Amino acid sequence: MNRSSNTAPAERPLYVVKNSRVHGRGVFAAKKIAEGTCIIEYEGERINWKEAVRRENLKAPDDFHTFFFSLDSGKIIDGGSQGNDARWINHACEPNCEAREEDGRVFIYALRDIARGEELNYDYGLILEERHTAALKRAYQCLCGAPSCRHTLLAPKKKKKAA
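Residues numbered from 1 in each chain as written. Predicted model: local features only at pLDDT ≥ 70, side-chain atom pairs only at ≥ 80, totals over all residues. Heavy atoms only, no water.

A.B. asks: Is there a simple way to explain the environment of G117 in this structure?
C.D. replies: When you line up the elements, G117 lands in the loop between β9 (105-110) and β10 (121-122). Expressed as a C-alpha distance, the spacing of G117 and Y42, which sit 75 residues apart in the sequence, is 21 Å. Residues contacting G117, with those up to four places away along its chain left out, are F28 and A29. (Helix = DSSP H or I, 4+ residues; strand = E, 2+ residues; numbered from the N terminus. Contact = heavy atoms within 4.5 Å.)

So this is what it looks like as structure tokens:
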């Protein structure tokens, strides 16, 4: 499969970007998407951690919106710079998609069959080393509405093992 394009020339696109009830813009299935389908690559400018911190510090203190995607190499994909439609995929605690890193690139795959019109989403699992205070969890509030919603985009802290 050629992952550089989500459609064949005469084929209807797999998704459409439009307003979301969850948050801002969202990505929706334009037709049924089968489980296991590679839907889109998450694209953007490749930057180092130092540059990501610099860019983050330029934002207003109450702006917790981010398009950063961390790679295993330590590099960051900044979807807000040279990014594509994948940056509009919202978070959900019970996602229908997942992000997979393959050879330093990130692709979004369907975890299950997705119906036409359904919003695409994946678990952001944001990792912050600082203490997850109630205020921080509110800043990264999840609005997915899933029965098992954890009410934050933050990944649960790993429990430290007793020595």
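Don't stop here, the text continues.
A.B. asks: Could you clarify how one ought to interpret the pattern of salt bridges in this entry?
C.D. replies: Oppositely charged side chains can form a pair if their charged atoms are brought close together. Enumeration according to the criterion identifies 10 salt bridges in this entry. The salt bridge partner of E45 is R55, with a shortest N-O separation of 3.0 Å. Highlighted residues: E45 in strand β4 (residues 45-47) and R55 in helix α1 (residues 49-58), separated in sequence by 10 residues. We classify E45 as partly exposed; its relative accessible area is 23%. (Salt bridge = Lys/Arg side-chain N within 4 Å of Asp/Glu carboxyl O. Buried < 20%, exposed > 50% of the residue type's maximum accessible area, 1.4 Å probe, protein only.)

A.B. asks: When you look at the packing of aromatic side chains in this model, what are you seeing that I'm missing?
C.D. replies: Any aromatic ring pair is given by two values, namely how distant the centres are and how the planes are angled relative to each other. Taken as a whole and assessed by the stated rule, the structure comprises 4 aromatic pairs. Three or more aromatic residues joined by ring pairs make a cluster, and in this case those are Y42, F69, Y122 and Y124. When the ring centre of F67 is taken as reference, the NZ or CZ atom of R87 above it lies at 5.7 Å. It is R100 that lies over the ring of Y109; its NZ or CZ is 3.9 Å from the centre. (Phe/Tyr/Trp six-rings, centres within 6.5 Å; stacked < 30°, edge-to-face > 60°. Lys NZ or Arg CZ within 6 Å of the ring centre and 35° of its normal.)

A.B. asks: Looking at this model, I keep getting lost on the side chain of S20. Mind explaining?
C.D. replies: Mapped onto the fold, S20 is located in the loop between β1 (15-19) and β2 (25-29). In this structure the side chain of S20 is engaged in a polar contact, spanning 2.9 Å, whose partner is the side chain of E119. Ignoring anything within four residues of it in the chain, the contact list for S20 reads R25, G26, F28, N90 and E119. (Polar contact = N/O pair within 3.5 Å; in protein donor to acceptor, adjacent residues only side chain to side chain.)

A.B. asks: What exactly am I supposed to notice about the state of the cysteines here?
C.D. replies: By definition, a disulfide links the sulfur atoms of two cysteine residues through a covalent bond. The final tally for this structure, using the stated rule, is 0 disulfides. C149 carries a free sulfur, and the closest cysteine sulfur to it, the one in C142, is 3.7 Å from it. (Disulfide = S-S within 2.5 Å.)

A.B. asks: Quick question: what am I supposed to make of the pairing of β9 here?
C.D. replies: Where a strand is regular, its side chains alternate between the two sheet faces. Here β9 lies mainly inside the structure; 5 of its 6 residues are buried. Bridge analysis of strand β3 (residues 38-42) against β9 gives 4 bridges, and the strand direction is antiparallel. Looking at the pairing, I40 lines up with I108 of β9. The hairpin turn running from strand β8 (residues 97-102) into β9, its antiparallel successor, is 2 residues long, and D103 in that turn takes a positive phi close to 50 degrees. (Pairing = 2+ DSSP bridges.)

A.B. asks: What exactly am I supposed to notice about the sheet that holds β3 here?
C.D. replies: Two pairing modes exist for strands in a sheet, parallel and antiparallel, and in both the strands are linked by backbone hydrogen bonds. An order of β3-β9-β8 is seen for the 3 strands of this open sheet, with the pairing classed as antiparallel. Two strands close off the open sheet at either side, each with one partner strand: β3 and β8. For this sheet, the mean inter-axis angle between neighbouring strands, taken without regard to orientation, is 30 degrees. (Axes fitted to C-alpha atoms, helices over the stretch in contact; angles between N-to-C directions.)

A.B. asks: How should I be thinking about the environment of F107 in this particular structure?
C.D. replies: Here F107 lies in strand β9. Relative accessible area serves as the criterion here: at 1%, F107 is assigned to the buried category. For the pair F107 and A92, spaced 15 residues apart in the sequence, the C-alpha separation amounts to 17 Å.

A.B. asks: I'm lost on the side chain of K31 in this one. Help?
C.D. replies: Its location among the elements puts K31 in the loop between β2 and β3. When residues no more than four places from it in sequence are discounted, the contact partners of K31 are E11, R12, P13, L14, I114 and R116.

A.B. asks: I would appreciate a short explanation of the pairing of β2 in the present structure.
C.D. replies: With 4 of 5 residues buried, β2 is to be regarded as a mostly interior element. Pairing analysis gives 5 bridges linking β1 to β2, with the strands arranged antiparallel. Looking at β2, one finds that K18 is bridged to G26. Connecting β1 to the antiparallel partner β2 that follows it, the hairpin turn spans 5 residues, and G24 within it adopts a positive phi of roughly 50 degrees.

By themselves these figures say nothing about function.
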